[in-house]
Amino acid sequence: MDLCVVRGGKFNQVDLSYSPQQPGIKNAYPKVRREFVMQRRVLYIFIILSFLISGCELSDTLSFKGESEHWSAEVVIHKASGHESEDVILTYKGEEPENVGAFDYAIDAPSWGVSRGGVQLNKGGVFSHRGESLNERNTSEDAELRMTINWDDKSETFTLIRK
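The structure presented is a predicted model; accordingly, all values stated were derived computationally and were not measured. (Residues numbered from 1 in each chain as written. Predicted model: local features only at pLDDT ≥ 70, side-chain atom pairs only at ≥ 80, totals over all residues. Heavy atoms only, no water.)

1. Concerning the overall build of the protein chain
Inference 1: For the protein chain, the count of helices and strands is one helix and ten strands.
Inference 2: Taken from N to C terminus, the helices and strands of the protein chain fall in the order β-β-α-β-β-β-β-β-β-β-β.
Inference 3: Considering the protein chain as a whole, with its 163 residues, one finds that 25% of them fall into the buried category.
Inference 4: Sequence separation of at least 24 residues holds for 50% of the intrachain contacts in the protein chain that already meet a minimum separation of 6.
Inference 5: In the form shown here, the protein chain has an accessible surface area of approximately 11,500 Å², with 53% of it arising from carbon and sulfur atoms. (Helix = DSSP H or I, 4+ residues; strand = E, 2+ residues; numbered from the N terminus. Buried < 20%, exposed > 50% of the residue type's maximum accessible area, 1.4 Å probe, protein only. Contact = heavy atoms within 4.5 Å. Areas by Shrake-Rupley, 256 points an atom, 1.4 Å probe, with all protein chains shown as cover.)

Have a look at this one:
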């Protein structure tokens with residue numbers, strides 16, 4: 001929108017359209033826009049920090065390792081929101097892991113225990129299993145776990161300590 005103004009006998013053309021970069025035109029819109037942008041930034045920062053803080057407070061991982069003559073074991077306990085689950089990794093250290101066949105294992109902790117039977121090693125001699133999330137367990141950081149493995153009429157029991 002243009003406006004023609006006569007000054008001193010000359011026509012001058014003045015642009016009245018809004019432009020935030022144009023100095024001298026006073027308008028509340030840029031100030032309101034800046035405040036809105038700042039409020040959104042603060043909200044985004046608050047949301048991101050909330051996710052980070054809640055994630056740090058609610059999850060914890062404990063790793064226990066041990067070995068015997070024929071086996072090495074690692075049990076990783078995942079704690080989140082009052083629940084615990086375990087990852088079990090068993091590795092056969094002996095010759096010819098394909099000849100081990102089905103075996104059983106049991107884990108005894110101070111406040112819980114779990115066992116599985118009829119499990120098999122993969123071709124590399126490793127067995128892994130992710131346990132279910134249970135809320136009645138509470139494994140402490142200084143706990144010692146007892147692992148018992150039964151296979152081919154043999155049995156080994158050893159201790160897993162936190163690493």
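Next comes the rest of the account.
2. Quick word on the confidence of the model for the protein chain
Inference 1: Residues of the protein chain with pLDDT of at least 70 account for 71%, and the chain-wide mean is 79.
Inference 2: No element of the protein chain has a lower mean pLDDT than strand E1 (residues 2–7), at 52, and none a higher one than strand E9 (residues 145–151), at 95. (pLDDT = per-residue confidence, 0-100.)

3. Describing unusual backbone geometry
Inference 1: A positive phi angle, close to 50 degrees, is found at Glu96, a residue other than glycine.
Inference 2: On the secondary structure map, Glu96 appears in the loop between strand E5 (83–92) and strand E6 (103–108).
Inference 3: Residue classification places Glu96 among the partly exposed residues on the basis of a relative accessible area of 47%.
Inference 4: Even without a glycine there, the phi angle at Asp153 is positive, about 60 degrees.
Inference 5: On the accessibility criterion, Asp153 (86% relative accessible area) is exposed.

4. With respect to the nonpolar core
Side chains of nonpolar character tend, in soluble globular proteins, to be buried together.
Inference 1: Trp71, Leu90, Phe103, Tyr105, Met147 and Ile149 are the most contacted members of the largest nonpolar core, which totals 25 residues.
Inference 2: Tyr105 has contacts with Val88, Leu90, Val114, Ser115, Arg116, Val119, Phe127, His129, Met147, Thr148 and Ile149, leaving out every residue within four places of it along the chain. (Core = buried A, V, L, I, M, F, W, Y, C linked by side-chain atoms within 4.5 Å.)

5. Side note on the packing of aromatic side chains
Inference 1: For the structure on display, the rule yields six aromatic pairs.
Inference 2: Look at Trp71 and Tyr92: their rings are 5.1 Å apart centre to centre, the planes differ by 65 degrees, and that puts the pair in the edge-to-face class. Of this pair, Trp71 sits in strand E4 (residues 71–80) while Tyr92 sits in strand E5, and the two are 21 residues apart along the sequence.
Inference 3: Take Trp71: its relative accessible area is 0%, and that puts it in the buried class.
Inference 4: Seen in terms of ring centroids, Trp71 and Trp151 are 5.5 Å apart; in terms of plane orientation they differ by 85 degrees. Their pairing is edge-to-face. Residue Trp71 is found in strand E4, and its partner Trp151 is found in strand E9; the two are separated by 80 residues along the sequence.
Inference 5: Through pairs of rings, three or more aromatic residues link up here, namely Trp71, Tyr92, Phe103, Tyr105, Phe127 and Trp151. (Phe/Tyr/Trp six-rings, centres within 6.5 Å; stacked < 30°, edge-to-face > 60°.)

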